[in-house]
Amino acid sequence: MSEQTAHTPETTDEVQELAQLSSSALSERYQQSLLGVFGAPQRVLVRGAGCHVWDADGNQYLDLLGGIAVNTLGHANPLLTSVITSQLATLGHVSNFFTSPSQIALAEKLLEISAAPAGSKVFFANSGTEANEAALKLTRRNAGTEAAPRTRVIALEHAFHGRTLGALSLTYKEKYRAPFAPLPQNVTWIPAGDIDALRNAVDETVSAVFIEPIQGEAGVKMLSTEYLQVAREITREAGALLVFDEVQTGMGRTGSFFASAPVIPDVMTLAKGLGGGFPIGAMIVFGEENTKWLTPGDHGTTFGGNPVACAAGLAVIHTIESQNLLEKVRENGTWLREQLCSIAGVSEVRGAGMLTAFELAEANAQKLVAAALDAGFIVNATDEKTIRLAPPLVITQEQLGSFLAALPQLIAAA
């Protein structure tokens, strides 16, 4: 797919005034006015087109992170932009006392592409964390009986499910959780991919098991289809609910719509790539027996499922299907990992589709991120030795090749 022509949209006077400033001046204004939970911004980005973005000083970057697996179709995609603009001009927001055609259409499309059985339903939220909060809340209803209560939740070591209090209770990293204790204390973490550990942990006291099919924030750690299938069998036998967190891996990221396919969980959570850059999250509840857990008044959201977000989701799915992106993602992802394996200084490569991680034999990953940014490439370090790539699904081999050609020098610089 060729890069579309970049342009500067109409903005307010305040934005136009700021757009005349340098990156350093804008960074200073940022630090004076925004809460510093993200640290100092690496750059001030002002526009994007296709797989490239530009900063306030006019420098161009190849976006190999895609807003952390969000910008499915790249930046300023013409169809996505047109659909969002048209929907906003027609009906921008209604409360969930009402519905809209785009909300119904996207729910039906998600049920279709996820091979959901009859009686399955969708709940829309605004982010992955909110989708996981909804899923955790739903699983609380699988509470067992007074004589045999289900009070435990199983999650995997190195899991990341979000930062709000409920989702945070499932997130493995202690430094994320400790400052906000006490959190729900009923979570047990077990080694990822260990079938025996899973079998030993899940019994009649467990209400749910949460699994990321690929642990993205942990450095693209892969779980086998066999593990997911066994998890399905074990949870079904024990009466526990199985939740697949596909917030990062869903919507074509791995070369199929869902990394967990063909295994069908009880609940699946989505976000990131679903809106192609427009905020949206979703929880798919599989089977009529599971939709009973939440009833009117049990959960809600003001903005979730608004017409614009749902129109964006439909545009993303339509583009993936009409442009045969899943096949392209598989082909380009395989090619990328093969090329990475041949580069000196790369000790391990793993991933699926357009979600790839490579480990460095010696170099400092954070230094490589900085060197890459200076060279015009946006990448991400998940730990001291691992680099994660999650570019737009529309990226070409030629664009990936420009990064591969620069990588040996970047590793040397780091």
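Q: Is there a simple way to think about the packing of helix α14 (residues 365–375) against helix α15 (residues 397–413) in this case?
A: Describing two packed helices takes the angle between their axes plus the distance from one axis to the other. Between α14 and α15, the least distance of the axes is 9 Å, while the angle of their chain directions is 130°. Classed by the angle they form, the pair α14 and α15 counts as oblique. For the pair α14 and α15, the crossing hand works out as right-handed. Touching L368, A371, A372 and A375 of α14 are L407, L410, I411 and A413, all from α15. Split by residue class, the contact of α14 with α15 holds eight nonpolar, no polar and no charged.

Q: Please explain the pattern of salt bridges as it appears in this structure.
A: Pairing is possible between side chains that carry opposite charge, provided their charged atoms lie close to one another. Scanning the model with the defined rule gives eleven salt bridges in all. In this structure, R152 engages D203 in a salt bridge whose closest nitrogen and oxygen atoms are separated by 3.4 Å. One end of the pair, R152, is in strand β5 (residues 152–156); the other, D203, is in the loop between α9 (195–201) and β7 (206–211), with 51 residues separating them in the sequence. D266 is the salt-bridge partner of R232, the closest N and O atoms lying 2.9 Å from each other. In this pair, R232 sits in helix α10 (residues 225–238) while D266 sits in the loop between β10 (241–245) and β11 (267–270), placing the two residues 34 residues apart along the sequence. Accessibility assignment for this pair places R232 and D266 in one class, buried.

Q: Can you help me understand the pairing of strand β14 (residues 355–360) in this one?
A: For a regular strand, side chains alternate in direction, first toward one face of the sheet and then toward the other. Among the six residues in β14, six count as buried, and that is most of the element. Judged by which residues are buried, β14 turns out to be covered on both faces: L355, A357 and E359 on one side and T356, F358 and L360 on the other are all buried. Of the strand pairs in this sheet, strand β13 (residues 346–352) and β14 are connected by six bridges, and their pairing is antiparallel. Opposite V349, over in β14, you have F358 as the bridge partner. As paired strands, β14 and strand β17 (residues 386–389) are joined by four bridges and run antiparallel to one another.

Q: I keep staring at the sheet that holds strand β12 (residues 281–285) and nothing clicks. Help me out?
A: Strand pairing in a sheet is mediated by backbone hydrogen bonds. Such pairs are either parallel or antiparallel. Pairing within the open sheet is mixed, and its seven strands lie in the order β4-β12-β11-β10-β7-β5-β6. Edge strands, defined here as strands with exactly one partner in the open sheet, are β4 (121–125) and β6 (187–190). In this sheet, adjacent strand axes meet at a mean angle of 20° when their direction is disregarded. Direction of pairing for β10 relative to β11: parallel, over a ladder of three bridges. Its bridge partner being in β11, D245 is matched across the sheet by T269. Sitting on the sheet, helix α6 (residues 128–140) touches β4, β5, β7, β10, β11 and β12, and the angle it makes with β11 is about 160°.

Q: Help me understand helix α12 (residues 307–322) in this model?
A: For an α-helix, 3.6 residues make a turn, and residues three or four places apart therefore share a direction. Helix length check: α12 (16 residues) gives 22 Å between terminal C-alpha atoms against 22 Å at 1.5 Å per residue, within 8%. Of all the residues in α12, the buried ones are P307, V308, A309, C310, A311, A312, G313, A315, V316, I317, T319 and I320. Along its buried surface, α12 packs onto α4 (78–90), α5 (101–113), β4 and α13 (325–341). Where α12 begins, the side chain of N306 points an oxygen toward the backbone nitrogen of V308, at a separation of 3.0 Å.

Q: Looking at this structure, how should I read the packing of aromatic side chains?
A: Centre-to-centre distance and the angle between the planes together describe a pair of aromatic rings. The tally for this structure, following the rule as stated, stands at four aromatic pairs. Consider the rings of Y172 and W189, whose centres lie 6.0 Å apart with planes at 75°: the pair is edge-to-face. Taken together, the residues span a long stretch of sequence, with Y172 in the loop between α7 (165–168) and α8 (174–177) and W189 in strand β6 at a distance of 17 residues. Of the residues examined, Y172 reaches a relative accessible area of 29% and is grouped as partly exposed. Ring geometry for F257 and F258: centres 6.3 Å apart, planes at 40°, overall tilted.

Q: Looking at this model, I keep getting lost on the sheet that holds strand β16 (residues 380–381). Mind explaining?
A: An order of β13-β14-β17-β16 is seen for the four strands of this open sheet, with the pairing classed as antiparallel. In the strand order of this sheet, the two ends are held by β13 and β16, each with one partner. Helix-sheet contacts for α15 involve β13, β14 and β17, and the interaxial angle to β14 is about 25°.

Q: Is there a simple way to explain the environment of Y30 in this structure?
A: Among the secondary structure elements, Y30 is positioned in helix α2 (residues 23–33). Counting along the chain gives 14 residues from Y30 to V44, while the straight-line C-alpha distance between them is 9.4 Å. Beyond its immediate stretch of four places on either side in the chain, Y30 contacts F38, G39 and P41.

Q: What's the story with α10 in this structure? I'm lost.
A: Along its 14 residues, α10 runs 20 Å from first to last C-alpha, staying within 8% of the 20 Å computed at 1.5 Å per residue. Taken together, the buried positions of α10 are Y227, L228, V230, A231, R232, I234, T235 and A238. Those residues of α10 hidden inside the fold are in contact with β5, β6, α9, β7 and β10. Looking at the residues trailing α10, positive phi occurs at G239, about 80°.

Q: When you look at unusual backbone geometry in this model, what are you seeing that I'm missing?
A: Working note: non-glycine residues mostly have negative phi, and peptide bonds are mostly trans. Of note, the bond from A181 into P182 is cis; its omega dihedral lies within 30 degrees of zero at 5°. Note on placement: P182 falls in the loop between α8 and β6. Notably, A69 is not glycine yet its phi reads approximately 65°, a positive angle. On the secondary structure map, A69 appears in helix α3 (residues 66–69). Since its relative accessible area comes to 2%, A69 is described here as buried. Phi at V220 takes a positive value of approximately 60°, unusual for a residue other than glycine. Relative to the helices and strands, V220 is located in the loop between β8 (214–215) and β9 (221–222). Since its relative accessible area comes to 0%, V220 is described here as buried.

How each quantity is defined
Positions within a chain are numbered from 1, following the residues in the order the chain's sequence is written. Note on the predicted model: pLDDT of at least 70 is required for a residue's local features to be given, and 80 or more for side-chain atom pairs to be given and counted; whole-chain, interface and lining totals, by contrast, use all residues. Values shown for side chains rest on all heavy atoms present in the structure; no hydrogens or waters enter the calculation. Under this scheme, a helix contributes an axis fitted over its contacting stretch, all axes are lines through C-alpha atoms, and angles between N-to-C directions fall in the 0 to 180 degree range. Numbering of helices and strands runs from the N terminus, with a helix taken as a DSSP run of H or I at least four residues long and a strand as a DSSP run of E at least two residues long. For this classification, under 35 degrees means roughly parallel, over 145 means roughly antiparallel, 65 to 115 means roughly perpendicular, and everything else is oblique. Two helices cross in a left-handed way if the nearer one is turned anticlockwise from the farther one by less than a right angle. They cross in a right-handed way if the turn is clockwise. Any pair of residues with heavy atoms lying within 4.5 Å of one another is described as a contacting pair. Gly is put with the polar residues, along with every residue not named as nonpolar or charged; the nonpolar set is Ala, Val, Leu, Ile, Met, Phe, Trp, Tyr, Cys and Pro, and the charged set is Asp, Glu, Lys and Arg. Salt bridges, as used here, are contacts in which a Lys or Arg side-chain nitrogen is within 4 Å of a carboxyl oxygen on Asp or Glu. Relative accessibility thresholds used throughout: buried, under 20% of the residue-type maximum; exposed, over 50%; partly exposed, between the two (1.4 Å probe, protein chains only). A pair of strands counts as paired when DSSP detects no fewer than two bridges linking them. In a helix, the anticipated span is given by 1.5 Å times the number of residues less one. In the analysis that follows, any N or O atom pair within 3.5 Å is treated as a polar contact, provided that within protein one partner can donate a hydrogen and the other can accept it, and provided that, for residues neighboring in sequence, both atoms belong to side chains. Ring pairs are drawn from Phe, Tyr and Trp, using the six-membered ring of Trp, whenever the two centres fall within 6.5 Å, and their geometry is named by plane angle: stacked under 30 degrees, edge-to-face over 60, tilted for the rest.

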